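Observations on the three-dimensional arrangement
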Amino acid sequence: MGTRAVKIVVIYPRPQDVDAFEQLYHDEHLPLLEEKLKGITRFVATKVISSPQGKVTAYRLAEIYFSNMEDLTRIVESEGGKEVVEHATKLSTGGPPIMLICEEESFVYW
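Here is a short report on the structure shown in this document. (Residues numbered from 1 in each chain as written. Predicted model: local features only at pLDDT ≥ 70, side-chain atom pairs only at ≥ 80, totals over all residues. Heavy atoms only, no water.)

Some points on the pattern of salt bridges
Note the cut-off: Between Lys or Arg on one side and Asp or Glu on the other, a salt bridge is scored when a side-chain nitrogen of the former is within 4 Å of a carboxyl oxygen of the latter. Helix numbering and strand numbering both begin at the N terminus, where a helix is a DSSP run of H or I of at least 4 residues and a strand a DSSP run of E of at least 2. Relative accessible area decides the class of each residue, using a 1.4 Å probe on protein chains only: under 20% of the type maximum gives buried, over 50% gives exposed, and in between gives partly exposed.
All chains considered together, the criterion is met by 9 salt bridges. Of the charged contacts in the structure, one is a salt bridge between Glu22 and Arg60, with a shortest N-O distance of 3.0 Å. Linking Glu22 in helix H1 (residues 18-36) with Arg60 in strand E3 (residues 58-66), this pair joins segments that are 38 residues apart in sequence. For Glu22, a relative accessible area of 13% puts it in the buried group. On the basis of relative accessible area, Arg60 is assigned to the buried category, the value being 6%. For Glu83, the salt bridge goes to Lys36, with nearest N and O atoms at 3.5 Å. With a gap of 47 residues between them, Glu83 in helix H3 (residues 79-91) and Lys36 in helix H1 connect regions that are remote in the sequence. Among the residues examined, Lys36 registers a relative accessible area of 28% and is labelled partly exposed.

Side note on the packing of aromatic side chains
What counts, and what does not: Centres within 6.5 Å are what make two rings of Phe, Tyr or Trp a pair, Trp counting through its six-membered ring; a difference in plane orientation under 30 degrees is then read as stacked, over 60 as edge-to-face, and the rest as tilted. Cation placement over rings: the criterion is NZ of Lys or CZ of Arg within 6 Å of the ring centroid and within 35° of the ring normal.
Summed over all chains, the structure comprises 4 aromatic pairs. For the pair Tyr12 and Tyr25, a centre-to-centre distance of 5.9 Å together with 85° between the ring planes defines the contact as edge-to-face. Remark: Tyr25 occurs in helix H1 and Tyr12 occurs in strand E1 (residues 3-13); sequence separation between them is 13 residues. As far as the burial class goes, Tyr12 and Tyr25 line up, both buried. Members of the aromatic cluster, joined through ring pairs, are Tyr12, Phe21, Tyr25 and Tyr59. Between the NZ or CZ atom of Arg42 and the centre of the ring of Tyr65, over which it lies, the distance is 4.9 Å.

Right, here's the structure in full:
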């Protein structure tokens, strides 16, 4: 049986200026996330390199994990959570990011 978690997945479209996005993402957004989203259990930042389907519009994915759905809701609806969501939207110059609330089931194969 796998392990279960709840998370928010943010999918950023390719930005108009990749270098400017990366600078804002690392210098402003990640520190803001760490400061304002107290209670997250894990954060995974992924950069899309390519796809076997050809060109894709997704540029980055962020996965923010929480202990349970109650913590996710409380943290996201807090003033700090709203500030992080607003900043994520502001820095996404290729269009609005897609934000998904998800349940994850993970399996590890040795």
